[in-house]
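A closer look at the structure
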Amino acid sequence: MHTSAVSYGAMLGIDLERADHGLLDDFAIVATPAARGLSQLVLRTDVAGMPLEWIDYKEAARLYTQEQVAYTCGSLLYELYGGTNARTGRRTVLEVNSIVATVGHTGNPGNTRHDYVPPLNNQTLFRRDAYLCMYCSQRFASRELSRDHIRPFSQGGTDIWTNVVAACRRCNNQKASRTPEQARMQLIAVPFTPTYAEYIFLKGRRVLADQMEYLVAHFPRSSPLHDRIQRWLS
Ligand SMILES: [Zn+2]
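Residues numbered from 1 in each chain as written. Predicted model: local features only at pLDDT ≥ 70, side-chain atom pairs only at ≥ 80, totals over all residues. Heavy atoms only, no water.

As for the coordination of the zinc ion
Taken together, C133 (SG), C136 (SG), C168 (SG) and C171 (SG) make up the protein donors of the zinc ion, found 2.3 Å from the metal. Here the zinc ion is ringed by four donor atoms whose angles at the metal span 100 to 118 degrees, and the overall shape comes out tetrahedral. Counting gaps between the donor residues of the zinc ion yields the pattern C-x2-C-x31-C-x2-C. A residue pair is termed long-range when its members are at least 10 positions apart, and C133 in the loop between α4 (122-128) and β6 (145-149) and C168 in strand β7 (residues 164-168) qualify at 35 residues. On the basis of relative accessible area, C168 is assigned to the buried category, the value being 3%. (Donors = N, O, S within 2.8 Å, 3.2 Å for Na, K, Ca; no water. Tetrahedral: all angles 85-135°; square planar, octahedral: opposite > 155°, others 65-115°. Helix = DSSP H or I, 4+ residues; strand = E, 2+ residues; numbered from the N terminus. Buried < 20%, exposed > 50% of the residue type's maximum accessible area, 1.4 Å probe, protein only.)

The structure is reproduced here in structure tokens:
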């Protein structure tokens, strides 16, 4: 993976909000082919390289101008061109890469705590289960999946990662308020609680190959996501 030294562009005078609305004549942003537009998010890590969050190019540019960027990895996504320096006659340019490591401590719980539990929502749950119904093993679109409680509420089940799976409507209806044993249905995989790095991956709207490679390197060796990503890509 390519790592480049950071050059702190003299971008402090650029109002990114105004620039975003085309209000600065001398401001230009160029998205590289890798970014495929301005909506591609940047993976932010701490200085040790632990994944922290997804940020947009404006947030990334702010981190550069606030001298929060320690180093960058991955590929070049954006070039932000600022005003021309009157003294040097040169235009300022700030390069934003797909992975940006920032200095300082963030106090992010997922980074330090091994018992961290990410919030449960359907988007990340369905991704965890690779959009497969965990009963009939067919693949479905997100809108066709539902959150099945393996042990139903009515039998003391709770809404936690290890008690929920993606299920198609047909299987969910068939199972009803029963356990898989009671319904004589078998789970195709054991549900698990994602680690922080896994959760960041699952949350990603569009994860670039270098970002994925970076995140996967932070997954536990036993993570079921290794296999699921391979199947996803094939
Ligand atoms: Zn099903």
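As for the packing of aromatic side chains
For the structure on display, the rule yields three aromatic pairs. Between Y57 and Y78, the aromatic rings sit 5.4 Å apart at their centres with planes inclined by 50 degrees, giving tilted as the arrangement. On the criterion of sequence distance, the pair formed by Y57 in helix α2 (residues 57-65) and Y78 in strand β4 (residues 69-84) is long-range, its members being 21 residues apart. With a relative accessible area of 0%, Y78 lands in the buried category. The interplanar angle of 70 degrees and the centroid separation of 5.7 Å between the aromatic rings of F201 and F219 together place this pair among those described as edge-to-face. (Phe/Tyr/Trp six-rings, centres within 6.5 Å; stacked < 30°, edge-to-face > 60°.)

Thoughts on the environment of A35
Residue position: A35 is located in the loop between β1 (28-31) and β2 (42-45). By relative accessible area, which is 0% here, A35 ends up buried. Along the backbone, A35 and L208 are 173 residues apart, and their C-alpha atoms lie at a distance of 8.5 Å. Residues in contact with A35, not counting those within four places in the same chain, are Q40, L77, Y78 and R206. (Contact = heavy atoms within 4.5 Å.)

A few points about α2
For α2, the tally of buried residues reaches seven of nine residues, placing the bulk of the element in the interior. Y57, K58, A60, A61, L63, Y64 and T65 are the residues of α2 that are buried. Residue E67 follows α2 closely and has a positive phi angle near 55 degrees.

Quick notes on the pattern of salt bridges
What the rule picks out here adds up to six salt bridges. Across the pair R147 and D159 runs a salt bridge whose closest N-O atoms are separated by 3.0 Å. Of this pair, R147 sits in strand β6 while D159 sits in the loop between β6 and β7, and the two are 12 residues apart along the sequence. Residue R147 is classed as partly exposed on the basis of its relative accessible area, which comes to 23%. D159 sits in the partly exposed class, given a relative accessible area of 37%. Between K175 and D148 there is a salt bridge, and its shortest N-O distance comes to 3.3 Å. Of this pair, K175 sits in helix α5 (residues 169-175) while D148 sits in strand β6, and the two are 27 residues apart along the sequence. The exposure class assigned to D148 is buried, which follows from its relative accessible area of 2%. Counted as one network, the salt bridges with shared partners bring together R128, D129 and R228. (Salt bridge = Lys/Arg side-chain N within 4 Å of Asp/Glu carboxyl O.)

Some details on the nonpolar core
Across soluble globular proteins, nonpolar side chains show a tendency to be buried alongside one another. Core analysis: the largest hydrophobic core is formed by 19 residues, its most contacted members being L43, W54, F201, L215, F219 and L225. At the level of secondary structure, the elements contributing two or more residues to this core comprise α7 (196-203), α8 (209-216) and α9 (225-233). In terms of residue count, α7 provides more of this core than any other element does, five residues in total. With residues up to four places along the chain from it excluded, the contact list for L43 reads P51, E53, W54, S98, I99, V100, I200, Q211, Y214 and L215. Core analysis: the next-biggest nonpolar cluster, separate from the first, contains 16 residues, V42, A61, Y78 and L94 among them. (Core = buried A, V, L, I, M, F, W, Y, C linked by side-chain atoms within 4.5 Å.)

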